[in-house]
Amino acid sequence: MSRKEFVSLNLLAKSAGISRQAVWKACQRGNWRGHALEVRVVEGKGGNAGKQYLVSLASLPPELQLRLKPIEMPVQNRRKPIASRDRRDRADKGKKRVVISRQWDALVPFDAVTKAKIAEDLKQEIRGLLAAGAAWGHVKILARNFLAETTRSWGFRPSDPASFEQACSIPWTLVSEEMHYRNVHQFRTNRKAYEDSRPRGRRSIEGMRPMELVVGDVHPIDIHLARVDGSICTAKLIGFLDWATGRVWCDLIAFDTRGGVNNRDVIEAFVAMVEHPAFGLPETLYIDNGKEYGFATYLDDAMTLTVPGFHGPGRSMRVINALPYNAPAKPIERWFGDFESRYLSTLPGWIAGNRMDKRQEAIGRTVAPYGTFEDFVPAFFGLLKAYHSVPMGKHSGLKGLSPNTTFQKHVAAGWAAITMSRDEIRAAVARRVERTVIQGAIQLRGRRWSCEELWQYTHDKVLVCEPVYHAPAELLVLDMKGNRLGIATPDVALHPLDHRGAQSTAQRARAHRSAILEMARSVPKIDVAARLIALGQAQPEIIPNEPAGNVLLDPSDRPARIVMPKKPSNSEEQRRREQDERIAAQMDLVKRIVG
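Presented here is a report on the structure given in the accompanying data block. Note that this is a predicted model, so its numbers are computed, not measured.

As for the overall build of the chain
Then step 1. Per the secondary structure count, the chain includes 21 helices and 20 strands.
Then step 2. Considering the chain as a whole, with its 595 residues, one finds that 36% of them fall into the buried category.
Then step 3. Surface summary for the chain: the accessible area is close to 36800 Å², and the carbon and sulfur share equals 54%.

Things to note about the sheet that holds strand E18 (residues 461-467)
Then step 1. A sheet is described by the order of its strands in space; here six strands give the open sequence E15-E18-E19-E20-E17-E16, paired in antiparallel fashion. Single-partner strands in this sheet number two, and they are strand E15 (430-436) and strand E16 (441-444). Going across the sheet, the axis of each strand differs from the next one's by a mean of 35 degrees, ignoring polarity.
Then step 2. The pairing of E16 with strand E17 (residues 447-450) spans four bridges and is antiparallel. Bridging across to E17, Leu444 finds its partner in Arg447.

Here we look at unusual backbone geometry
Then step 1. The backbone phi angle of Met211 is positive, close to 65 degrees, even though this residue is not glycine.
Then step 2. Along the chain, Met211 turns up in the loop between helix H11 (191-197) and strand E6 (214-220).
Then step 3. Its relative accessible area of 0% is what places Met211 among the buried residues.
Then step 4. One non-glycine residue, Lys399, adopts positive backbone phi at about 55 degrees.
Then step 5. Inspection of the secondary structure puts Lys399 in the loop between helix H15 (373-389) and helix H16 (403-412).

Focus: the nonpolar core
What tends to happen in soluble globular proteins is that the nonpolar side chains get buried as a cluster.
Then step 1. In terms of nonpolar packing, the biggest core is built from 35 residues, with Ile221, Trp335, Phe339, Leu344, Phe376 and Phe380 touching the most fellow members.
Then step 2. Where this core is concerned, the elements lending two or more residues are strand E9 (236-242), strand E10 (248-253), helix H14 (331-342) and H15.
Then step 3. Examining the composition of this core, we find that seven residues originate from one element, H15, more than from any other.
Then step 4. Among the nonpolar cores identified, the runner-up in size contains 27 residues, and Phe240, Val261, Val266 and Ile425 belong to it.

What about the packing of aromatic side chains?
Then step 1. For the coordinates displayed, the defined rule picks out 16 aromatic pairs.
Then step 2. When the centroid spacing of 4.8 Å and the interplanar angle of 20 degrees are considered together, the rings of Trp136 and Trp172 count as stacked. A residue pair is termed long-range when its members are at least 10 positions apart, and Trp136 in helix H7 (residues 136-153) and Trp172 in helix H9 (residues 172-176) qualify at 36 residues.
Then step 3. On the accessibility criterion, Trp136 (25% relative accessible area) is partly exposed.
Then step 4. Ring centres of Phe339 and Tyr343 lie 5.2 Å apart, and the angle between their planes is 20 degrees; this geometry places the pair in the stacked category.
Then step 5. On the basis of relative accessible area, Tyr343 is assigned to the buried category, the value being 8%.
Then step 6. An aromatic cluster of three or more residues is present, and its members are Trp335, Phe336, Phe339, Tyr343, Tyr370, Phe376, Phe380, Phe381 and Tyr387.
Then step 7. One residue, Arg40, lies across the ring of Phe6, its end atom 4.1 Å from the ring centre.
Then step 8. Between Arg447 and the ring centre of Trp449, over which it is positioned, the NZ or CZ distance is 5.5 Å.

Conventions adopted
Residues numbered from 1 in each chain as written. Predicted model: local features only at pLDDT ≥ 70, side-chain atom pairs only at ≥ 80, totals over all residues. Heavy atoms only, no water. Helix = DSSP H or I, 4+ residues; strand = E, 2+ residues; numbered from the N terminus. Buried < 20%, exposed > 50% of the residue type's maximum accessible area, 1.4 Å probe, protein only. Areas by Shrake-Rupley, 256 points an atom, 1.4 Å probe, with all protein chains shown as cover. Pairing = 2+ DSSP bridges. Axes fitted to C-alpha atoms, helices over the stretch in contact; angles between N-to-C directions. Core = buried A, V, L, I, M, F, W, Y, C linked by side-chain atoms within 4.5 Å. Phe/Tyr/Trp six-rings, centres within 6.5 Å; stacked < 30°, edge-to-face > 60°. Lys NZ or Arg CZ within 6 Å of the ring centre and 35° of its normal.

Just geometry here; none of it tells us what the structure is for.
Below is the structure:
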């Protein structure tokens, strides 16, 4: 009976392209990719607990047997040959012994340059397959076919096709060395996973003020609620995270039917925060590009225009839209997950985060609802209050403090919010439209609007900030350069006998006349006629040239002799008028007689 051949774990790991630890675990299981392993333990130094593990070559998968057989040496019971073989391996370490595989290298009679070119093309093929998302097994099959076709294209005609196909089998190491090209496939097809794993810089809240940077987002709450009709729904959470303190302003929405959060919902949550003295107006608002944040398109510019507000102090604010697939840059995304797992999961009705695989109380029975939306609201805000009072981890941005404690430190240092009223924020969410000023008023949405500034306005056009998502009670009016004019209100028509109508008309007339007189005082008085006469007199006189000739006509060639009429004298005109009057009188007499 022939002597069995064994290989060490180090050599086996190197040939398979995996770690020694993985090979050792396979030996412990006694199985390698479906093949039962025959393992021999040799007592000695090194290895695991002073033991050397050797694996029978015949018990390995065929591809590994082919890879290992040309370099395998028989193992004697004595330790000396083993040590001698290991020393030879170390001497060869780092030197490339094959181009593609030992079988292919031995079978294909190409020169080294040609073989290297085929090997490089094969490597590019494997990289392309991995970048395209091909599975491991598919890569080996497709790469094998590529190697066979490429080898034939260089003129090789195998005498034994079966042996040639076996020689074109792709070693596992060739594929494993290029596995990092799967990152290309992830980048192309799963941008979120790629963005979550890519390198990032660290951020610090050191020195940040409350409301200096506020991050907004919308999140579905994974708790079953019951509608009035008995159907199941979940609520939506609109959140604004104060990055500096970790505090979160929240609002909840539930729909009687299927629906999503819209601009009006987000605006209402935002203005509620801006009105609150502990939050107020953000200096920077960081939000997604979703359609529910469309109001911010107008808010960024409008907030700059309305500082200091409509009627009181304000603060400039800018809006930043998050890059697509950039969830790690928004800490509110992490907050949603943390609040769900640590707080909301303690409530009945929680279904966990995977809505495609919801939790079940029993097989075939979904999680029972917590209750109605009205039942859920106080429970949610109770948990939110607990979150604000619980210290964060020592390695977090708050360094072991709670959001409330962090905020209290800023308050003690003198920080105070800048608030704005609900109506002013609604009005700020507006687009600018051009309107013509007629008699101190403008037309918008079928109504007439006016204010004292429009009564005094002497230009034809203005810009009106028209609220986008709400019916306006007043309008911010700007001149054509974007400078603020005033706040216009509906111009109500009064009864003709209402004395307020006469008072309003007189007031408007005085305002407009005052503006015109102010304009008149600001410019010099100019006699335009005198300026024009002076202009004409200042022009040089043009002296014509001497006539080039004088044209004479033969009297016989004239078409007619022209006689100029002689102007009658005054006495002749008077006689003619008298004669005409006598003739007219006689004609009247004849008509009366004749009847």
